[in-house]
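Listed below, chain by chain, are the residues.
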Amino acid sequence: MMYCAITNHSSYSLTESALRLPQLIAHCRRYDMPAAGFCDTNNLFGALEIAGSLGEAGIQPLIGIKLRVLVPDQGAAFLPLYAASKQGYERILALSSQSFAHAASPKEAALLLDEVLKDTTGLLAVAGAGETHLGQWAASNPDAATAHLEQLKTAFQDRLFIGIPRHDLPQEQAAEPFLLDAATTSSLPLIVHHNVFMASVADVNAHEALLCIGVGTTLNDPQRPRSSPLYALASPDEIAARYADIPEAVANTVYFAQRCDYIPKGRKPLLPSFGVDEQQLLREQAASGLEARLKGVLPRRYTDKIYRDRLLFELDVIAGMGFAGYFLIVADFIRWAKSQNIPVGPGRGSGAGSIVAWALTITDLDPLEFDLLFERFLNPDRVSMPDFDIDFCQDRRDEVMRYVQDKYGADKVAQIITFGKLQARAVLRDVGRVLDLPYGQVDRICKMVPNNPAAPVTLPEAIKADENLAAFCRDEETASLMQISQKLEGLYRHASTHAAGVVIGDRPLQELVPMYSDPRAMMPVTQFNMKYAEKAGLVKFDF
């Protein structure tokens with residue numbers, strides 16, 4: 001029987017899932033699964049990345065989110081939602097963004113259920129699993145569960161599925177009779193709700209350690225979160241055996257995948273419009289700026305004509321690549337900063353090779369005087385967005401960012417998210433704490449791993465290069481530390497904000513990317529990292 005894994009949690013379910021994307025792709029190829037869904041907990045951090053990677057592998061991605069929802073006086077639970085269309089994807093972006101916008105902290109991000117159900121266009125919903133309100137109320141409060149199911153059915157109509165989880169949890173077993181009966185009574189399709197948090201049953205110990213890292217406890221804590229072999233990727237035969245009494249639930253995973261026919265694609269860069277001919281405006285500002293520069297640069301090695309010819313050449317390249325707006329935006333906020341006596345760096349990186357940038361006062365270095373090449377910055381043969389490296393006084397940088405927000409709209413400007421990983425030394429320390437190993441022993445092992453931020457060394461590389469470190473893999477007391485650490489190394493541990501990256505869009509950003517809220521950031525933050533924010537059409541500016 002054909003089966004599609006619907007409820008996979010990627011490593012973007014931070015400190016909750018140990019499943020890596022290449023592992024999911026390999027599993028789908030091994031069992032000829034035509035589609036795979038991901039449903040990360042309360043975020044869309046990996047939506048564009050995962051969709052693109054699965055698509056490139058010939059696997060249809062099903063884009064979902066396990067959204068945290070609130071019912072007044074009844075508490076919070078999760079509702080898995082999937083994009084069945086472009087409108088559904090846009091709705092998921094908006095819902096996820098709104099949940100963070102109103103939260104005191106990322107962990108408290110949630111939306112009222114009524115807000116979610118106001119517009120379900122293009123969305124598929126899966127109710128019934130133990131983490132949903134329906135699953136929680138099915139055994140303890142069947143009247144509330146019945147009313148809730150009617151509410152969901154009214155909102156989603158034929159886009160509502162009853163998920164049946166079978167992870168051998170008492171709560172799931174108690175709820176299942178109600179769910180099966182409700183599906184029959186309400187004529188709703190059953191579907192396998194198999195939560196996946198790791199690639200294989202061999203990863204259970206590592207997954208439990210990851211869960212302990214997430215909540216700050218140890219494996220010796222009797223109240224710690226638990227994993228299960230049933231949270232691993234399963235073959236179609238294993239799923240068919242587990243759901244032998246309701247084979248339609250397995251078959252409906254394929255039907256579900258067929259209902260999801262939208263895959264987000266990358267966009268060309270989207271910049272705010274100046275409402276005028278941007279190319280002409282750039283030419284006028286650059287020409288007048290160059291004349292002002294030439295009056296102040298004496299003596300010079302080159303004639304005025306050489307400067308003007310270089311300027312015209314660069315302007316033609318910039319216009320041909322469609323980047324006039326980018327130069328105008330950067331020049332505008334740098335001029336504003338200088339008018340407010342906010343110190344701005346003279347320019348560094350490849351952008352210092354541009355005469356246009358010099359003429360617009362983006363940089364203060366004469367490219368011809370220092371024999372700097374424009375082609376290192378922009379080259380028609382290697383099309384990529386320009387990226388000026390700009391330095392502002394750290395004490396007043398926020399003023400420049402507020403100026404940009406005021407000029408283009410607070411909902412069109414954001415900082416960029418970054419994700420901290422469990423790198424070699426960090427994962428050893430985290431796992432060491434989880435295992436309750438002596439600090440001194442773990443510290444000694446950590447210091448044997450080379451620390452080179454510019455070229456990080458992985459644990460397998462360090463073990464291969466150092467026999468003393470390899471000996472800890474064979475030692476009975478530290479073998480688990482080394483084994484678990486290698487399995488968890490490289491997984492995402494936390495989200496934070498990029499130190500300098502700001503994106504500016506031509507429309508409210510939540511229409512293009514999901515938004516996040518970091519209490520340490522001065523403005524909203526994109527849920528996509530720099531690479532995928534740019535792929536979604538946003539242009540990064542360096543602050």
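What you are looking at is a predicted structure, and each value in this text was computed from that prediction instead of being measured. (Residues numbered from 1 in each chain as written. Predicted model: local features only at pLDDT ≥ 70, side-chain atom pairs only at ≥ 80, totals over all residues. Heavy atoms only, no water.)

Asker: What's the story with the sheet that holds strand β13 (residues 539-542) in this structure? I'm lost.
Answerer: The strands making up a sheet associate through hydrogen bonds between their backbones, and the pairing can be parallel or antiparallel. Here we have five strands laid out as an open sheet, ordered β11-β12-β9-β10-β13, and mixed in their pairing. Each edge of the open sheet is held by one strand with a lone partner, namely β11 (515-516) and β13. With eight bridges connecting them, strand β9 (residues 413-421) and strand β10 (residues 492-504) associate as antiparallel partners. Across the sheet, residue K421 finds its bridge partner in β10, namely Y492. (Pairing = 2+ DSSP bridges. Helix = DSSP H or I, 4+ residues; strand = E, 2+ residues; numbered from the N terminus.)

Asker: I'm lost on the pairing of strand β2 (residues 35-41) in this one. Help?
Answerer: Most of β2 sits out of view: seven of its seven residues are buried. Residues A35, G37, C39 and T41 of β2 are buried on one face, and the alternating residues A36, F38 and D40, pointing to the opposite face, are buried as well. Two strands pair when backbone bridges link them, and strand β1 (residues 5-8) and β2 are joined in this way by two bridges, in the parallel orientation. Bridging from a neighbouring strand, N8 pairs with F38 of β2. In terms of strand pairing, β2 meets strand β3 (residues 60-71) through seven bridges, oriented parallel. Bridged to D40 within β3 is I65. Running through helix α2 (residues 47-56), the crossover from β2 to the neighbouring parallel element β3 is right-handed. (Buried < 20%, exposed > 50% of the residue type's maximum accessible area, 1.4 Å probe, protein only. Right-handed = clockwise from strand over helix to strand, strands pointing away.)

Asker: Sorry if this is basic, but what is going on with the packing of aromatic side chains here?
Answerer: Think of a pair of aromatic rings as described by two things: how far the centres are apart, and how the planes are tilted against each other in angle. Inspection of the entire model under this criterion finds 25 aromatic pairs. Aromatic side chains F197 and Y231 sit 5.2 Å apart centroid to centroid with 90° between the ring planes, which places their arrangement in the edge-to-face category. Here F197 is found in the loop between β8 (190-192) and α8 (204-215), whereas its partner Y231 is found in the loop between α8 and α9 (236-242), with 34 residues between them in sequence. Classification of F197 by relative accessible area gives buried; the value is 7%. Both rings, one in Y326 and one in F541, keep their centres 5.0 Å apart while their planes meet at 15°; by these two values the pair is stacked. Separated by 215 residues along the polypeptide, Y326 in helix α13 (residues 324-339) and F541 in strand β13 bring together distant segments of the chain. Assessed through its relative accessible area of 0%, Y326 is described here as buried. An aromatic cluster is built from Y326, F327, F333, F377, F388, F392, F541 and F543, whose rings are joined through pairwise contacts. The aromatic ring of F78 is capped on one face by K66, whose charged end is 5.3 Å from the ring centroid. Sitting above the plane of the Y408 ring, K407 keeps its charged end 5.9 Å from the centroid. (Phe/Tyr/Trp six-rings, centres within 6.5 Å; stacked < 30°, edge-to-face > 60°. Lys NZ or Arg CZ within 6 Å of the ring centre and 35° of its normal.)

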